[in-house]
Amino acid sequence: METRWATVDGVTLELPADCTACELRDALYKPDDAVLIGVTGDLVSIVHDEDRPLSELVAGCADTYYFRRPDEPERNEVLAAPELEAALSGPSDERGGAETTFQRPGIDH
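This section reports on the structure supplied with the text.

Rules used throughout
- Every chain's residues receive numbers from 1 upward, in the order its sequence appears when written.
- Two thresholds apply to this predicted model, a pLDDT of at least 70 for residue-level local features and 80 or more for giving and counting side-chain atom pairs, whereas whole-chain, interface and lining totals are computed over all residues.
- In computing side-chain values, all of the structure's heavy atoms are included and hydrogens and water are not.
- Think of it this way: any DSSP run of H or I at least four residues long counts as a helix, any run of E at least two long counts as a strand, and we number them from the N terminus.
- Any two residues having at least one pair of non-hydrogen atoms within 4.5 Å are treated as being in contact.
- Values of accessible area rely on a 1.4 Å probe in the Shrake-Rupley scheme; residue burial ignores everything except the protein chains shown.
- Put simply, buried Ala, Val, Leu, Ile, Met, Phe, Trp, Tyr and Cys residues joined by side-chain atoms within 4.5 Å make one nonpolar core.
- Think of it in three bands: with a 1.4 Å probe and only protein chains considered, a residue is buried below 20% of the maximum accessible area for its type, exposed above 50%, and partly exposed in between.
- Here, a salt bridge means any Lys or Arg side-chain nitrogen found within 4 Å of an Asp or Glu carboxyl oxygen.
- Strands are labelled as partners when DSSP assigns at least two bridges between them.
- Convention adopted: a line fitted to C-alpha atoms gives each axis, helices being fitted over their contacting stretch, and angles between N-to-C directions are expressed from 0 to 180 degrees.

When helices and strands are tallied, the protein shows 3 helices and 6 strands. Along its sequence from the N terminus, the protein presents helices and strands in the succession β-β-α-β-β-β-α-α-β. The contacts of the protein with a sequence gap of at least 6 include a subset with a gap of at least 24, amounting to 61%. As presented, the protein carries roughly 6,200 Å² of accessible surface, and 48% of it is formed by carbon and sulfur atoms.

Let's shift gears to the nonpolar core. Core analysis: the biggest nonpolar cluster contains 16 residues, and Leu15, Leu36, Val47, Leu54, Leu57, Tyr65 and Phe67 have the highest contact counts within it. Residue contacts for tyrosine 65: discarding those within four places in its chain leaves Arg4, Ala6, Thr7, Val8, Asp9, Leu15, Leu36, Ile37, Gly38, Leu54, Ala59 and Gly60. Judged by nonpolar contacts, the second largest core, of 12 residues, contains Ile37, Val44, Tyr66 and Leu79.

A few words now on the pattern of salt bridges. By the definition in use, this model includes 7 salt bridges. The partner of glutamate 85 in a salt bridge is arginine 68, and the shortest N-O contact between them spans 2.6 Å. Taken as a pair, glutamate 85 in helix 2 (residues 82-89) and arginine 68 in strand 5 (residues 64-68) lie far apart in primary sequence, 17 residues in all. Exposure remark for glutamate 85: the relative accessible area of 32% places this residue in the partly exposed category. Ionic pairing is found between arginine 75 and glutamate 72, a salt bridge with its closest N-O pair at 3.3 Å.

With respect to the secondary-structure elements, aspartate 51 resides in the loop between strand 4 (43-47) and strand 5. For aspartate 51, a relative accessible area of 61% translates into the label exposed. Those residues in contact with aspartate 51, other than ones at most four positions away along the chain, are Thr20 and Cys22.

When you line up the elements, threonine 20 lands in the loop between strand 2 (11-16) and helix 1 (21-27). Setting aside residues up to four positions removed in sequence, threonine 20 forms contacts with Glu50, Asp51, Arg52, Pro53 and Leu54.

On to the sheet that holds strand 5. Strand order in the open sheet made by the 6 strands is 2-1-5-3-4-6, with mixed pairing throughout. The strands lining the two open edges of the sheet, one partner per strand, are strand 2 and strand 6 (99-103). Looking at each pair of strands side by side, their axes are set apart by 30° on average, direction ignored. Inspection of the sheet shows strand 3 (residues 35-40) paired to strand 4 by 4 bridges, in the antiparallel sense. Paired with isoleucine 37 across the two strands is isoleucine 46, which belongs to strand 4.

Below is the structure:
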């Protein structure tokens, strides 16, 4: 099984290339309500499909991941982005896919 290195909540880990958000959450003992957010260059991806391998998503290319819980204090500009709040607060039927991706805040385009 192929692995790669990524930072998850500030800790650098070796991740299996085909792991899912659910498997990653379970392996790191994160609460069930924590949402996985991946940061890849100038993109931020929120994973909605917990059982799909990350390698099939934009989030699978991320070098940094965060788990975020509802009503958690903002830890950085990515987790404070209004786009993130909008994607997390909408009903799941409006999400329309396995992930929501938007431009990373603070990057000039």
